[in-house]
Amino acid sequence: MIELTENPLEPATLLAKAQSPDAGAVVLFLGITRRMTGDRETLCLQYEAYQAMAVKELERLKNEACERWSLTACAISHRLGAVPLGEASVAIVVASAHRGEAFAAGQWLIDTLKECVPIWKQEQWADGKTEWVHPKGNDEARITNDK
Amino acid sequence: MIELTENPLEPATLLAKAQSPDAGAVVLFLGITRRMTGDRETLCLQYEAYQAMAVKELERLKNEACERWSLTACAISHRLGAVPLGEASVAIVVASAHRGEAFAAGQWLIDTLKECVPIWKQEQWADGKTEWVHPKGNDEARITNDK
Amino acid sequence: MRVYVKLFAGARELVGQESVALELPASATVGLLRERLTEAHPELRSLANHAMFAIEATYCDNETPIPENAEIACIPPVSGG
Amino acid sequence: MRVYVKLFAGARELVGQESVALELPASATVGLLRERLTEAHPELRSLANHAMFAIEATYCDNETPIPENAEIACIPPVSGG
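Residues numbered from 1 in each chain as written. Chains lettered and ligands numbered in written order. Predicted model: local features only at pLDDT ≥ 70, side-chain atom pairs only at ≥ 80, totals over all residues. Heavy atoms only, no water.

Draft legend 1. View of the overall build of chain A. Scanning chain A for helices and strands turns up 3 helices and 10 strands. By the compact-globule yardstick of 15 Å for 147 residues, chain A fits well, its C-alpha radius of gyration being 16 Å. When its C-alpha atoms are laid out on the principal axes, chain A stretches across 55 × 30 × 25 Å. Scored against the burial criterion, the 147 residues of chain A give a buried share of 56%. Within chain A, contacts between residues at least 6 apart in sequence are counted, and of these 68% link residues at least 24 apart. Of the roughly 6000 Å² that chain A leaves accessible, carbon and sulfur atoms contribute 44%. Considering chain A, the positive charge centre built from 16 side chains and the negative charge centre built from 21 side chains are found 1 Å apart. (Helix = DSSP H or I, 4+ residues; strand = E, 2+ residues; numbered from the N terminus. Rg over C-alpha atoms; globule rule 2.2 N^0.38 Å. Buried < 20%, exposed > 50% of the residue type's maximum accessible area, 1.4 Å probe, protein only. Contact = heavy atoms within 4.5 Å. Areas by Shrake-Rupley, 256 points an atom, 1.4 Å probe, with all protein chains shown as cover. Lys, Arg positive; Asp, Glu negative; His and termini not counted. Charge placed at Lys NZ, Arg CZ, Asp CG, Glu CD.)

Here it is as structure tokens:
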């Protein structure tokens, strides 16, 4: 299951679908809006996607993960729009007969999602600035909008 | 939070406690009762613990994980008694500012739990036999009870 | 030919539009598109150098030729997750 | 001294009891306990060779001396998770 949604993510629903007698292991990853980045404070993150392509890329990642590891379930759900502090922007669930595969696939999926899938976040800083985050290698280009 | 319980595990409750504005990443691991082991079919698993020591060992693992990685939350819940097919015998939740630490700590916790914590499972096979599982290196000693 | 390039996130914000129109020769590649885009919108130069481009929602490289009437998007470095 | 050894899982099932009593010299170590346990309950030999022992719910090795009135447990290879 691949999903882009403006609603809060529902990891319990994803987990329930992944739990089955074929699975011995389920791994869930949640990416959360964190308050502090170094000493800067975030109020909220805002996510935007090139939706048709993001869904296609997420399907591609899911298919590649299912080829590389023996998975009994794989679901990725990404939230768009405002994601308040402490709430999840992304949920990835994978299940497999053995735990090594579930951990490896889960980690690969989030690492690769962050490299490939056309979704962007905008920081809304506590100091009033907003900033689109465009990582360039170790650096990040930040398109700042001083309000 | 460390817990041994005869009731079904509640991963959603564990997740809700782990999600906070200090966490950027939450990783949940569930171990599930799997139907097939090779070509043998399991009906149910039965878990038994040396409870006082299991709680103490789980606390020790949690403390060691919190020393090795920078975690904002760490909870382990293990079910005892009968765990039917597709249900979870163990739930581990870890949260940290960055995802690498959450994945590493989650994997280390389940690997180490399986080596150290005095909990045992008994296979109840579809062919009517029951068998305590006592892994010895690559081998497993199986104390079989033909009924 | 006339192409329309979708813009997202920082690129959209820099230009102030969700897409831009460009006039390209019929045999144009993505590399030429990248050049013309930054000539027409110099404010995009720094970001466009690091951006990928997608044709019909598939990543492509500088050598890829641009078909007529294709959906083209400028994909600045992503930051989802 | 008289010690009681808690048994779990396959060990409990092999002996048919949740604990066994053993008579040990006052200076006994865990190594001696392991020997005496398998002499008294030969059915445990294969499992006890791979078992750990715990005193007061803490793993110990063959050299550990056994205190009087301690809670002692035989921990066959674990399989939780």
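Text resumes after the structure shown.
Draft legend 2. Here's a closer look at the interface of chain A and chain B. If you look at the interface, chain A gives 34 residues, while chain B gives 34 residues. Between chain A and chain B, the buried area comes to about 2700 Å², and carbon and sulfur atoms account for 60% of it. Of all the secondary-structure elements, those providing two or more residues to the side of chain A that touches chain B are helix H1 (11–18), strand S2 (25–32) and helix H3 (99–116) of chain A. Across 7 bridges, the pairing between S2 of chain A and strand S2 (residues 25–32) of chain B is antiparallel. Note on S2 of chain B: the bridge partner recorded for Leu28 of chain A is Leu28 of chain B. (Buried area = accessible area lost by both parts, 1.4 Å probe. Pairing = 2+ DSSP bridges.)

Draft legend 3. Spatial organisation of the packing of aromatic side chains. With the rule as written, the count across this model stands at 8 aromatic pairs over all chains. Plain terms: the ring middles of Phe103 of chain A and Phe29 of chain B are 5.5 Å apart, the flat faces sit at 10 degrees to each other, and that makes the pair stacked. In this pair, Phe103 of chain A is assigned in helix H3 and Phe29 of chain B in strand S2, connecting two distinct chains. Grouped by ring-pair contacts, the aromatic residues Tyr50 and Trp120 of chain A together with Phe8 of chain C constitute a single cluster. Seen from the ring of Trp125 of chain A, Arg40 of chain A lies directly overhead, with NZ or CZ sitting 4.0 Å from the centre. (Phe/Tyr/Trp six-rings, centres within 6.5 Å; stacked < 30°, edge-to-face > 60°. Lys NZ or Arg CZ within 6 Å of the ring centre and 35° of its normal.)

Draft legend 4. Structural view of the packing of H3 of chain A against helix H3 (residues 99–116) of chain B. Put simply, H3 of chain A and H3 of chain B touch, their axes get as near as 11 Å, and they point 180 degrees apart. Judged by the angle between their axes, H3 of chain A and H3 of chain B are roughly antiparallel. Residues Arg99, Gly100, Phe103, Gly106, Gln107, Ile110, Asp111 and Lys114 of chain A of H3 of chain A lie in contact with H3 of chain B, whose contacting residues are Arg99, Gly100, Phe103, Gly106, Gln107, Ile110, Asp111 and Lys114 of chain B. Of the residues belonging to the contact of H3 of chain A with H3 of chain B, the class tally is 4 nonpolar, 6 polar and 6 charged. (Axes fitted to C-alpha atoms, helices over the stretch in contact; angles between N-to-C directions. Parallel < 35°, antiparallel > 145°, perpendicular 65-115°, else oblique. Nonpolar A, V, L, I, M, F, W, Y, C, P; charged D, E, K, R; others polar.)

Draft legend 5. Focus on the sheet that holds strand S3 (residues 52–55) of chain D. Residue and element names in this part refer to chain D. With respect to topology, 5 strands assemble into an open sheet ordered S2-S1-S5-S3-S4, the strand pairing being mixed. Each edge of the sheet is formed by a strand with only one pairing partner; in this case those strands are strand S2 (19–23) and strand S4 (58–60). Neighbouring strand axes in the sheet, compared pairwise and without regard to direction, differ in orientation by 35 degrees on average. Both S3 and strand S5 (residues 72–75) contribute to a ladder of 4 bridges, which runs antiparallel.

Draft legend 6. Region of interest: the interface of chain B and chain D. With 30 residues of chain B at the contact, the number on the chain D side is 25 residues. A combined buried area of about 2200 Å² lies between chain B and chain D, and 58% of that area is made up of carbon and sulfur atoms. When the area that chain B buries against chain D is broken down by residue, the three leading residues are Tyr50, Trp120 and Lys136 of chain B, summing to 29%. Inspection of the region where chain B meets chain D yields 1 salt bridge. Note that Arg12 of chain D is salt-bridged to Glu48 of chain B, the shortest N-O span being 2.2 Å. On the surface where chain B and chain D come into contact, there are 21 residue pairs in polar contact (both at pLDDT 80 or more). Of all the secondary-structure elements, those providing two or more residues to the side of chain B that touches chain D are strand S4 (40–49), helix H2 (51–68), strand S7 (88–96), H3, strand S8 (119–125), strand S9 (130–136) and strand S10 (139–145) of chain B. For the side of chain B that touches chain D, a count of residues per class yields 17 nonpolar, 6 polar and 7 charged. (Salt bridge = Lys/Arg side-chain N within 4 Å of Asp/Glu carboxyl O. Polar contact = N/O pair within 3.5 Å; in protein donor to acceptor, adjacent residues only side chain to side chain.)

Draft legend 7. Just the nonpolar core, in detail. Ranked by size, the top nonpolar core spans 60 residues in total, and within it Leu109 and Leu113 of chain A together with Leu109 and Leu113 of chain B carry the most contacts. Excluding residues that lie within four positions of it along the chain, Leu109 of chain B makes contacts with Leu61, Lys62, Ala65, Cys74, Ile76, Ile92 and Val94 of chain B. Counting 37 residues, the second-largest nonpolar core is a separate cluster that includes Tyr50 of chain B together with Leu47, Ala54 and Ala73 of chain D. (Core = buried A, V, L, I, M, F, W, Y, C linked by side-chain atoms within 4.5 Å.)

Draft legend 8. Up close: the relation of the copies chain A and chain B. Structural alignment of chain A on chain B gives an RMSD of 0.0 Å, achieved by rotating through 180 degrees and translating 0.0 Å along the axis. Interpreted geometrically, this transformation is the action of a two-fold axis. Taking C-alpha positions as reference, the residue of chain A nearest the rotation axis is Leu28 of chain A, located at 2.5 Å. (Least-squares fit on C-alpha atoms with pLDDT ≥ 70 in both.)

Draft legend 9. Looking closely at the arrangement of the chains. The protein chains that touch form 3 pairs of chains, and the pair with the most contacts between them is chains A and B. Contact between chain C and chain D is absent, and the minimum C-alpha spacing across the pair is 29 Å.

Draft legend 10. Here's a closer look at the sheet that holds strand S7 (residues 88–96) of chain A. If you walk across this open sheet you meet the 8 strands as S1(A)-S5(A)-S7(A)-S2(A)-S2(B)-S7(B)-S5(B)-S1(B), and the pairing is mixed. Whereas interior strands pair on both sides, the edge strands pair on one side only; in this sheet they are strand S1 (2–5) of chain A together with strand S1 (2–5) of chain B. Strand after strand, the sheet turns through a mean of 10 degrees between neighbouring axes, direction not considered. When S2 of chain B meets S7 of chain B, the two strands line up antiparallel, connected through 8 bridges. Residue pairing in the sheet places Leu28 of chain B in a bridge with Val93 of chain B of S7 of chain B. Packed on one face of the sheet, helix H2 (residues 51–68) of chain A meets S1 and strand S5 (71–79) of chain A and runs near 150 degrees to S1 of chain A.

Draft legend 11. Spotlight on the packing of H2 of chain B against H3 of chain B. Residue and element names in this part refer to chain B. One way to put it is that H2 packs onto H3 with a least axis distance of 11 Å and a crossing angle of 150 degrees. Two packed elements cross with a definite hand, and for H2 against H3 that hand is right-handed. Of H3, the residues touching H2 (which contributes Glu57, Leu58, Arg60, Leu61, Lys62, Glu64, Ala65 and Arg68) are Trp108, Leu109, Thr112, Leu113 and Cys116. (Left-handed = near helix turned anticlockwise from the far one by under 90°.)

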